[in-house]
Amino acid sequence: MDTLAKLQILSGAARYDASCASSGSKREAPACGTGNTSQSGICHSWSDDGRCISLLKILLSNDCRYDCAYCVNRSSNAVERASFTAREVVDLTLDFYRRNYIEGLFLSSAVMQSPDVTMERMVRVVETLRLEEQFGGYIHLKIIPGCSSELVRKAGLYADRISVNIELPSQDSLRRLAPQKHKDSILEPMALIGREIHSSLVERKADRRAPRFAPAGQSTQMIIGASPETDFQILRLSQGLYKKMNLKRVYYSAYVPVIADNRLPVLAAPPLLREHRLYQADWLLRFYGFSAEEILSDDLPDLDETFDPKTAWALRHPEFFPVDINRADYPTLLRVPGIGVTSAKRIIAARRFSAITPEGMKKIGVVLKRAKYFIASAGRPFEKPDRTPALIRQQLLLGEGDGVAPPRQLLLSGLFA
Amino acid sequence: MGMNRYLYDGSADGLLSAIAWILAEESDPEQVALAARKDTLFEDGLFIGTDATLAESLFSRLRKQLPDVAHTLYFCMLAEKEGIETSLLHYIFLAFTHGDKINDYLTHAAVRDIVSISKKAARELHRMKGLLRFEKLRDGAYLAKMEPDHNIIHPLAYHFRTRLKAQHWFLYDVKRRTAARWSNGTLQFGTIEQFTTPALSDDEKQVQALWQTFFKTIAIPDRKNARLQKSNMPMKYWKYLTEKQGE
C-alpha cells in the first residue's frame, strides 16, 4: 500500500480525537534542525467541519486487537487496515512542516500486538524526529493504556504534550463498552505523568539544563453521549482531573455513531450542542472560578440547552446582581453573563483612567446583549431594575424585537487551549 | 480658535518626525491635526519637513520608555492606513502623559482607533504564520506567495528565519511586489519588478496531493460546517492555500 492510501485510512481513523492544541510549549529551534514551537500555538488551516488543523493528526496503525463498542477501529469492524512505518511518519511530518502546512505531529495508534509493542513503535517515531532529524516542532503523543512506565517516561521527554484518553466518564461504562480497557491502566499513567511534569519543573528551577517533561502538559478526552452519565457526573470528573491530576485540558467529543451495536444509544445526530455546553462549562471551571457544584447539582444534573451555563447560573441567582462595573472585583465581573476574561480585564484597566459609563462599555468593546441585564453603573442598572428572572429569561431568548436565533454549534479554535 | 493643522510628506519617517516636532513645539497637541500632503493646490496647513534623525530618536525613545506603545505603533504602521495621523499623534501624546498602560484607556477615541488598527495587523500576522504555504522549487529552495491586507513581510520573515532556518526560502508579497529571502544564514528584503514563476521540484505535486488528501479526510463528515470554516479562514486567503487548489 502506498503512503497516500495509508494516509487516507490513518487520518480518517484519527479524526475523532478532538485535541488540536499546539500551544503551551516554547521550544527553541535546534542548532541545525527544523522547527520550533510557539507559546500561543498556531492554527494552519480549518477543515470542512470548521475545526482547526494545527497538527498532522494520524494513527500509526488502525489494526486494533481491542473491540471497544464505540470505536470505528474495533477489531470486529470490517474496515481496511493499515500501518505506517516509522520512516513514513517522519517523512510526512518533515515534508508538511517544511511547507508550513502544520505546527507538528499528533501521533496516536490502535493497540497492535500489545500496548508495549505499540507504544514502543510510537516512541521510536518521535525519537527519530527529535534525535536523528533534529526536529523542533510540536509533538503530541498519545499514551497507550497498559504500556510500561519506562515508555511513558521516554514519551514525555520527546513530546510537548502527552495524553491518555479516559474514553468514557465512568468505570461502569468502560466495563460495558470497552471491556479490554481498565480504569487503573488509564489513571496510573496519568498520575505518573503528573508527577514527572512536576518534578521536571522543580529540577529545571534548580538547573535550566535539566530535561523538560511534556512542557505543554497533559490532556485527555472523553466521549459524550455513548453512555448514560449526566453532565454533573462528567463535570465533577473533569474538576477532579484538573485538581488532582493537574491536567491542562479535558476534551469532550460528541459520540458519532460509526457502527451499530446494541450496547449503544441510537442517535439521530451527534450531540453537538451538548458537547458545546460541556465545553463552555469546562471553561467556567478552568478560567472563571466556578465549581462543578455551582454549575449543576443532583436536582439539576444536566446543562441547559437553551442558555449557556453562566447565563443559566445567573438566572438562578438574582440576588448576585446587578454587579456594579465600576466597583466589582475581577472574580465578580467574570460571573456576569456576556463578560469574559478579556472584557473583565479591559473594564478593570479602563476604569483606572475614568469611571465607565454604559456608553464607555461599548467603546471598550464589551458586548452588552446579555450583560446589560446583569450590570449597573453609578447605582443605576443598565436595564430597568424591576425585571424578574422570568422576564429576563424571556428577553434573552427572544431578544428585544428580533426573532429567536436557533442554537448554533460553535467550536472555538485551539488558540487558547 | 480652530485646530492647528499640519501636513507631512506621507512617508513613515515623515509621520514620526512630524509627530516629534509637534510634541516639542505645541503646547496642547490634543488640539492639533496632522495629515499627509496631497497634490492639491490649496491645502490648509503648515508643512513639516521630514527629518529621519528626529523620527529615529522618537521611535527609540518609545522603545526604551514605552515598549507596549512602540509595539502598537510598529503594527499600526504595517496597516498602511490613511487618515490615522491625528489619532496617532494624540495617542503618542497621551502615552507620554499616562505611561505605557495607555492601551487600556479604550474609552478614549484616539487610543481605541490606534489599538484596534494595530491589533488587526497583529492578528493578520499571526494568521499568516499559519496560512502561508511554501512550494519546493527545482533548485531545492522554497517559495511562498501571499497577498496580505497589511504589510507584514518583515515580521513574518523573522518568524520563519528561526523556524525554517535549515532551508532556503523566499516570501513574495504579490500585491506590494516585495520579497524576503533567507539563504545561508542571511535574511534580505527587496522588491521584485518582474516575477516569473519558477519550476517546481519533481516531488512537489506528490507532497501537495498528500496534504490535500489529509485535509479532506481529517474532517468529520457528520459535522460539516462550511460557515464555521469560512469564518475561521476567510476566503480571501484561499488563493494560495495548497489544500484549497482545484476545489
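Rules and cut-offs
- Position numbers for residues start from 1 in each chain and track the written sequence from start to end.
- Written order decides the labels, with chains lettered from A and ligands numbered from 1.
- The model is predicted, so local features are restricted to residues of pLDDT at least 70 and side-chain atom pairs to those at 80 or more, both for listing and for counting; the totals for chains, interfaces and linings are taken over all residues.
- The side-chain quantities take in all heavy atoms of the structure and omit both hydrogens and water.
- Domain delimitation follows an automatic or database domain assignment.
- Whether two residues are in contact is decided by their heavy atoms: any pair within 4.5 Å suffices.
- Defined in terms of a 1.4 Å probe, buried area is the accessible area two parts forfeit on being brought together, summed over both.
- Under the rule applied, a polar contact is a pair of N or O atoms within 3.5 Å (in protein, one hydrogen donor and one hydrogen acceptor; residues adjacent in sequence only if both atoms are side-chain atoms).
- Going along the chain from the N terminus, every DSSP run of H or I of four or more residues is numbered as a helix, and every run of E of two or more is numbered as a strand.
- By convention in these notes, a salt bridge is any Lys or Arg side-chain nitrogen within 4 Å of a carboxyl oxygen on Asp or Glu.
- To sort residues, take the accessible area from a 1.4 Å probe on protein chains only and compare it with the maximum for the residue type: under 20% means buried, over 50% means exposed, and anything in between is partly exposed.
- Strand pairing requires that DSSP identify at least two bridges connecting the strands.
- Here, the term right-handed applies to a crossover whose path from the first strand over the helix to the second runs clockwise when the strands point away from the viewer.

Draft legend 1. The domain arrangement of chain A, seen in detail. All names here are of chain A. For chain A, the assigned domains read domain 1 (3-290) and domain 2 (309-402). Taken over C-alpha atoms, the centre of domain 1 sits 38 Å from the centre of domain 2. Across the boundary between the two partners, domain 1 contributes 8 residues, which contact 8 residues of domain 2. Carbon and sulfur atoms make up 74% of the surface buried where domain 1 meets domain 2, a total of about 650 Å² over both sides. Together, Leu284, Tyr288 and Phe290 form the three largest contributors to the area buried by domain 1 at its contact with domain 2, with a combined 73%. Run the count over domain 1 and domain 2 and you get 2 residue pairs in polar contact (both at pLDDT 80 or more).

Draft legend 2. The environment of Leu201(A), seen in detail. Positionally, Leu201(A) belongs in helix H6 (residues 183-206). In sequence terms Leu201(A) and Gln221(A) are 20 residues apart; their C-alpha atoms lie 24 Å from each other.

Draft legend 3. Highlighting the pattern of salt bridges. Inspection of the entire model under this criterion finds 34 salt bridges over all chains. Between Asp160(A) and Arg130(A) there is a salt bridge, with the nearest N and O atoms lying 2.9 Å from each other. On the criterion of sequence distance, the pair formed by Asp160(A) in the loop between helix H4 (149-158) and strand S6 (161-163) and Arg130(A) in helix H3 (residues 115-132) is long-range, its members being 30 residues apart. Per residue, the accessibility class of Asp160(A) equals that of Arg130(A), and both read buried. The partner of Arg176(B) in a salt bridge is Asp173(B), and the shortest N-O contact between them spans 2.8 Å.

Draft legend 4. Here's a closer look at the pairing of strand S7 (residues 218-224) of chain A. Residues and elements named next belong to chain A. In terms of burial, S7 is largely enclosed, as 7 of its 7 residues are buried. Residues Gln218, Thr220, Met222 and Ile224 of S7 are buried on one face, and the alternating residues Ser219, Gln221 and Ile223, pointing to the opposite face, are buried as well. Across 2 bridges, S6 lies against S7 in parallel orientation. Considered in S7, the bridge of Ser163 is made with Ser219. With 6 bridges joining them, S7 and strand S8 (residues 249-254) adopt parallel strand pairing. By the bridge assignment for S8, Ile223 is matched with Ser253. Crossover S7 to S8 through helix H7 (residues 231-244) is right-handed.

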